[in-house]
Amino acid sequence: MSNEDTLKEAKQRYKATVHLPQTDFPMKAGLQEREPALQKKWAEEDLYGKIRAARKGAKPWVLHDGPPYANGDAHTGTGMNKSLKDMVVKFRTMQGFDSPYVPGWDCHGLPIEHKVLQEMGGKLPEGTTALQMRERCLEYATKYIDIQRKQFQATGTLGRWDEPYLTTNPSYEANVLAVFRDLFAKGYITRAQRSVHWSWAAQSALAEAELEYEDRQDTSIYLRMMAQGQVAGVDNVALLIWTTTPWTMPANLAIAAAKDAEYAIVEYTRDGKPERMVVAEELREAVADKSGLTDVKVLKHLRGAELEGVNYTHPLWGTTCPVVFADYVTLEDGTGLVHTAPGHGKEDFETGKNHNWFNVDRPVCPVSENGTYYTGERLREELNLPKDYKDDSGWLAFIDGKHIMKANDAIVERLREQGLLLHSEKFTHSYPHCWRTHTPVIFRATEQWFVNVDHVEPGQTKPLRQRILDEIKLCKWYPSWGEKRISAMLENRPDWCISRQRYWGIPIPAFMDEGSGKVCMSQATVDRVISLVAEHGSNVWYDDANWPVDKLLPDDVRPDEFKGRKLKKMDDIFDVWFESGSSFQAVMRTDADLKDKALSENGRTTHSGMYLEGDDQHRGWFQVSLILSVATTGVAPFRDCLTCAFVVDEKGEKGSKSKGNMWPIDQGCRDLGADLVRLYFASIDTSSPVPVTYDLIRGAGDSYRKLRNTWRTLVANLFDFDPDKDAVAADKLSQLDQWALSRTAGLVEDVTACFERYEFHHAMRALVQFCTVELSSQYIDVCKDELYCEAATAPRRRAIQTVYWQVAQVIAKFMAPVTVHTAEEMWQYMPKPETESVHLALWPTVGGLLTRKPELDKRFKLMFRLKAESDRVLDRLRKEKVIGKGYDANVTLGLGNDLMKELANYGTPEQLQAELPGLLNVSKVALDASSDHAALQEFEPATDVQGLWVKVEASAEQACVRCFRRTGDVGSVKEHEFLCTRCAKVVG
RNA sequence: GCGCCGGUAGCUCAGUUGGUUAGAGCACACGCCUGAUAAGCGUGAGGUCGGCGGUUCGAGUCCGCCCCGGCGCACCA
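These figures come from a predicted structure and were not determined experimentally.

The rules we used
- Residues numbered from 1 in each chain as written.
- Chains lettered and ligands numbered in written order.
- Predicted model: local features only at pLDDT ≥ 70, side-chain atom pairs only at ≥ 80, totals over all residues.
- Heavy atoms only, no water.
- Near = heavy atom within 4 Å.
- Polar contact = N/O pair within 3.5 Å; in protein donor to acceptor, adjacent residues only side chain to side chain.
- Helix = DSSP H or I, 4+ residues; strand = E, 2+ residues; numbered from the N terminus.
- Nonpolar A, V, L, I, M, F, W, Y, C, P; charged D, E, K, R; others polar.
- Salt bridge = Lys/Arg side-chain N within 4 Å of Asp/Glu carboxyl O.
- Buried < 20%, exposed > 50% of the residue type's maximum accessible area, 1.4 Å probe, protein only.
- Pairing = 2+ DSSP bridges.

1. Some remarks on the protein's contact with RNA strand B
With respect to spatial proximity, 55 residues lie near RNA strand B, and among them Thr244, His339, Thr713, Arg765 and Gln769 are the closest. Near-protein atoms of RNA strand B (within 4 Å) split between backbone and bases, with sugar and phosphate holding 69%. Between RNA strand B and Arg712 there is a distance of 2.5 Å, counted from a phosphate oxygen to a side-chain nitrogen or oxygen. Between a base oxygen of RNA strand B and a side-chain N or O atom of Lys879, the distance comes to 3.0 Å. Of all the secondary-structure elements, those providing two or more residues to the surface near RNA strand B are strand E6 (238–243), strand E13 (337–340), strand E14 (421–434), helix H14 (481–492), helix H22 (694–716), helix H25 (760–789) and helix H28 (854–879). Among the elements that line the surface near RNA strand B, the one with the most residues is H25, at 12 residues. Among the residues forming the surface near RNA strand B, the class breakdown is 16 nonpolar, 18 polar and 21 charged.

Below, the structure written as structure tokens:
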């Protein structure tokens, strides 16, 4: 055999004695195949049930799920919401809390009713009963619950999916009514005539949360309202008003002016004829410019107060109307004289009410629920015109039955023909729209049920609004500005209109005496309805055949004045927000799995630990939940309120189903892997708009692969490690091992703190950073030689394996709430895992081996800085082809006095010279503190360490064929001529 | 109009109570290793920290004004 052959053969032979990593844990994730399989396994083995059993009796910490609407696909944004919730629940579970997750759905409401009506051809067909229609709605909702459930489950979210809460469950409905009953008992409920937001397309009143502001172009008009008699001694004067809603002119009852403002009476020429009008002095020029008036003369200035007693002739009806004063008249836009139509404006309504222009039953509101003017007699009646009114002008016939949006332009033209229109122009402004039909909303005076937010209930000193604001302060808001936002909203919000004129919902349990028109409601009557609904569901209200009024409300539960009277059921249903806002009662306080799981802390008890939704819920679910919970139980429904922002597409546009720029969440999970999608959501700051595209999510693959591969290396080196037998005690660990554990302990502190604050992206950053720097580039790289080349059972090797084992557990656990499938897959490769599933394991805590050692952190920070300087010079020599791998080199560190002293803290020169080759991944390191390094060419000054010079030279020594190091002692053991002493001993 | 949140490398983001020469990952360039291998390691280039002014021995960080982006609230008669 030639020497070369001998060497080759020796390499082969010795290689077999090296403990190379071994693992079946695949490098490639294959999420698309593995995730569904794992989910199936979890379902079959009932992992959720096992978690519940394992945490039974533990301290509760419940995230209460806000119910998504049972309509359409669960898109990416909804999926992000569910994923974040699952992260919180899994984290709290791992912290040892009993943290059940009961998902729910919002099933009633206009959108479904709308869809079903469309399927029926636009309106309820003749002969179809409300009951039949409601059955269809329920079918529709049920269908989408099944669809969405599968979509949500694709994210790997665990929970009580087989028994979610539904707002259509009779028990849920009964609880909503119970909340109403309590409010009623405490005096919060009023029924009153008010001007409310009204969607003529949806034919229903709308809540603040159901409005979306969109830009809209309207025609704004400047209209001359002819004053009767003199104004401040001037004849023939018009009062100039401005409006963007000409369709409200028929309902005009007055003009409002500002008492303290200065007005001008001006004269100008139009169409060759002189005209006079009153306009606010401040707006005079602007109005004249816009209207193209040239020769404007001011005849007189006057205070607003001087307009007192002035009347004008209604431009349509010829009736006499007054000028009044109102404090909301401003001089920013318009003319300083405000068209006032109490039937179509909130403030106008108040003005009308203050002046007793209408009795409670009948403000002037000629517009019907579908947005058309009333017709015939009804129109006359609603307009409150004199009985003998002759429609000489033809206005009555003109608007009769017309749709307001169509009438707008026609009315403008007609006013122009009458010569009353000074000017008209297009005007773009943001205007409230119905969130479902996307049609402009109007104000319409109707009779509705309200929750009075400023009511002081018996036994309380503060109004509800203030008590809610107090509770808000006691909650924790993430991000913190959420508190300001919701406080501001609560401070400003009007009373809550809770009635809707629809079918698909829970009926407001009110009866009316057909004879007297009086409303019949008492605690007893509501309780009666509650018990029926609990048993039969809310359909009893619509089931006239089986539940006629007298059976629904027998005499014995009626208040005395209604006994024996002919009653009818009233038609209103609850605003869906009232339903979902009652979930703290219908779910948290009554569900069998949740009712004893309120969160108690520092003497304060809230019905749940957390609500987590999109930040649009500040004006939606959070707010209504707060109102109902504080009003009925005195406390907020949650301790923590976490919000996330909307998802947006690559152009930054809000993702929405209707736009089609977002895909269903399960599709993304299937195509990319649920863990990747979840990791992406956990890697980004979800408090500002979250951009979501396939490419962006694929970008999270970098982090994913880093985590997976680093972990794979750890576990691959544990193939012969049995923690029970091989784990070593703390005193057997090297300083480097302890440093690694110290850094891990630091990571535990950081990541835990981040999870506690729900800052998943900071936690993930810390984790990935740790894997990249401390593990991959530092600890793992440095440990390879000892791990591979020492004897299998050598204390050094077992020490490193002990560290790997510890660190591998920590990483798998930290990944568990986020990459739920991958962490579970990892867990199956852990030697002797502490639990059957990673999701049953306990969150890592600091202590024992995982102890922070700041002095070691400091020591190795310096060591790795030395390594960085050495690497820089090594790299140069590599590029110059002087050396290849690090073991080809010997390094001499030239040390200044200060650095030498600093190093002395960490060991004698001999100790350091023994330790550093390993750390620097070179064959030999010498410390030289005596030369004048600056003067020596072969020394290169360090760039980032004061008083350090580096010299690198190729080693002349022979490399050990087993460990590749050039230690200078190869062949010292006769039987192993190609090995260094260490390897020879190991091989034996 | 009022308010909130952002603006740091080509991209995604860190940057603690003001404190050496502003960091990381990806991407890019150049190398090494072939015993983490559809991996791993190293080096490099890349920044007027949105702009201007102020406080300070010292400002990405604190203050004021402005610009840009996002959002919320109000007004919209």
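2. Some remarks on the pattern of salt bridges
Per the stated rule, a full pass over the model turns up 75 salt bridges. Arg160 is the partner of Asp593 in a salt bridge, and the nearest nitrogen-oxygen pair spans 2.9 Å. With a gap of 433 residues between them, Asp593 in the loop between helix H18 (583–588) and strand E23 (599–601) and Arg160 in the loop between helix H6 (130–153) and strand E2 (165–166) connect regions that are remote in the sequence. Of the residues examined, Asp593 reaches a relative accessible area of 37% and is grouped as partly exposed. A salt bridge links Arg705 to Asp702, with the nearest nitrogen and oxygen atoms 3.1 Å apart. Placement of both Arg705 and Asp702 in helix H22 is noted, with a separation of 3 residues, approximately one turn of the helix. Assessed through its relative accessible area of 46%, Arg705 is described here as partly exposed. Salt bridges linked by common partners bring Arg52, Asp98, Asp596 and Lys597 together as one network.

3. Concerning the pairing of strand E26 (residues 640–644)
Of all 5 residues in E26, 5 are buried, a share of seventy percent or more. Residues Asp640, Leu642 and Cys644 line one face of E26 and the alternating positions Cys641 and Thr643 line the opposite face, and both faces are buried. Where strand E16 (residues 476–478) meets E26, 3 bridges bridge the pair, whose relative direction is parallel. From the neighbouring strand, Trp477 faces E26, where its bridge partner is Cys641. Inspection of the sheet shows strand E25 (residues 610–614) paired to E26 by 5 bridges, in the parallel sense.

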